[in-house]
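Next come the chains, spelled out residue by residue.
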Amino acid sequence: MSVASPLIIALDYTSQDAALCMADRLDPSRCRVKVGKELFTRSGPGVLEALHGRGFEVFLDLKFHDIPNTVAGAVEAAADQGVWMVNLHASGGRRMMEAARERLDQHRLATHLIAVTVLTSMQEEDLAETGVTGGAAEQVLRLATLADECGLDGVVCSSHEAAHLSERIGADFLKVTPGIRPASALADDQRRIMTPSAAMAAGSTHLVVGRPVTQASDPMQALASIEQELAGI
Ligand SMILES: O=c1ccn([C@@H]2O[C@H](COP(=O)(O)O)[C@@H](O)[C@H]2O)c(=O)[nH]1
């Protein structure tokens, strides 16, 4: 199936039943879904099968970060489950990313492989405490350039960095951006945020949206309002 919408709904629920309850209200021709650490750790790969059975393309957001052999095996295992996209941490380095890329290619697995650059919950002070002193934009560009050199399909970054990456690396390089907040929504623990329409205008290729939809009093109305905002750009 080819999904025209850039929206990826983060199914951050504590059980497979709750996640599928939400998925059953979504239309797989109008959005993709994301399975992250909490849901996957609770439900296991069964949730992927259940979502695929409902027609969804799934982003498995487990952010692998380990030695090259381990990450290559994990990425292969994810792709074997038929997921549309999987990710790893770019800070795992060149050899780790190349090993993951090579493993997918060896097995002719078409799953998109992308790298997390700087988490959207982090700002300059958080980065400085980890020894990264140049700020988010510089670090995102450094890690995205490395990911591109390693043959990855794109990155997870914030929409604040998307335009610069499009200029420096190319428009086709995927910019998957969490930290999406409609104007009226709370930032929660996110720090580098943008509205859906501004994020698309800035060059995001995909928008990850969780709580503004899943925790809304009327999730379907919240989603419809994001879709309307995007239709207006
Ligand atoms: O840098 C990152 C990488 C991943 N995420 C994930 O995206 C969603 C965002 O959810 P919201 O509720 O819309 O904040 C969540 O699953 C994160 O694990 C991210 O936010 N930032």
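Remember, predicted model here, so these are calculated numbers, not experimental data.

Peer 1: Could you clarify how one ought to interpret the overall build of the protein chain in this entry?
Peer 2: Scanning the protein chain for helices and strands turns up 11 helices and 8 strands. The C-alpha atoms of the protein chain give a radius of gyration of 17 Å, which matches the 17 Å a tight globule of 233 residues would have. Here the C-alpha coordinates of the protein chain stretch approximately 45 × 35 × 30 Å along the principal axes. Residues counted as buried form 42% of the 233 residues belonging to the protein chain. Partitioning the contacts of the protein chain with sequence separation of at least 6, the portion at a separation of at least 24 is 68%.

Peer 1: Looking at this structure, I do not really get the site of the ligand. What am I missing?
Peer 2: The environment of the ligand is made up of 16 residues, and the closest members are Ala10, Thr120, Pro178, Gly210 and Arg211. Of the residues in the shell around the ligand, the class split is 8 nonpolar, 5 polar and 3 charged.

Peer 1: Quick question: what am I supposed to make of the confidence of the model for the protein chain here?
Peer 2: Any region with low pLDDT has predicted coordinates that should not be read closely. Per-residue pLDDT for the protein chain has a mean of 98; in total, 100% of the residues score no lower than 70. Interface confidence in the predicted complex, given as ipTM, is 0.99; pTM for the same model is 0.98.

Peer 1: Whenever I open this one, the UniProt feature "active site" (unreviewed entry) in the protein chain confuses me. Can you help?
Peer 2: Within this numbering scheme, the UniProt entry marks Asp61, Lys63 and Asp66 as carrying the feature "active site" (unreviewed entry). Position of aspartate 61 among the secondary structure elements: in strand β3 (residues 58-64). Exposure remark for aspartate 61: the 25 C-beta atoms within 10 Å place this residue in the buried category. Sequence-distant contacts of aspartate 61, defined by excluding residues within four places in its chain, comprise Lys34, Val35, Gly36 and Asn87. Tracing the backbone shows lysine 63 in strand β3. Here lysine 63 falls in the partly exposed class, since 16 other C-beta atoms lie within 10 Å of it.

Peer 1: Would you take a moment to explain the sheet that holds β3 for this structure?
Peer 2: Each strand in a sheet pairs with another by means of backbone hydrogen bonds, the pair being arranged parallel or else antiparallel. As summarised here, the arrangement of the 8 strands in space is β1-β2-β3-β4-β5-β6-β7-β8, forming a closed barrel in which the pairing is parallel. Each adjacent strand pair in this sheet contributes to an overall mean axis angle of 25°, direction not counted. Across 2 bridges, the pairing between strand β7 (residues 174-177) and strand β8 (residues 206-209) is parallel. Across the sheet, the residue bridging to valine 176 is histidine 206, located in β8.

What counts as what
Residues numbered from 1 in each chain as written. Predicted model: local features only at pLDDT ≥ 70, side-chain atom pairs only at ≥ 80, totals over all residues. Helix = DSSP H or I, 4+ residues; strand = E, 2+ residues; numbered from the N terminus. Rg over C-alpha atoms; globule rule 2.2 N^0.38 Å. Buried ≥ 20, exposed ≤ 12 C-beta atoms within 10 Å, placed from the backbone. Contact = placed C-beta atoms within 7 Å. Near = placed C-beta within 6 Å. Nonpolar A, V, L, I, M, F, W, Y, C, P; charged D, E, K, R; others polar. pLDDT = per-residue confidence, 0-100. UniProt positions renumbered as here; feature names shortened; annotations may be inferred. Pairing = 2+ DSSP bridges. Axes fitted to C-alpha atoms, helices over the stretch in contact; angles between N-to-C directions.

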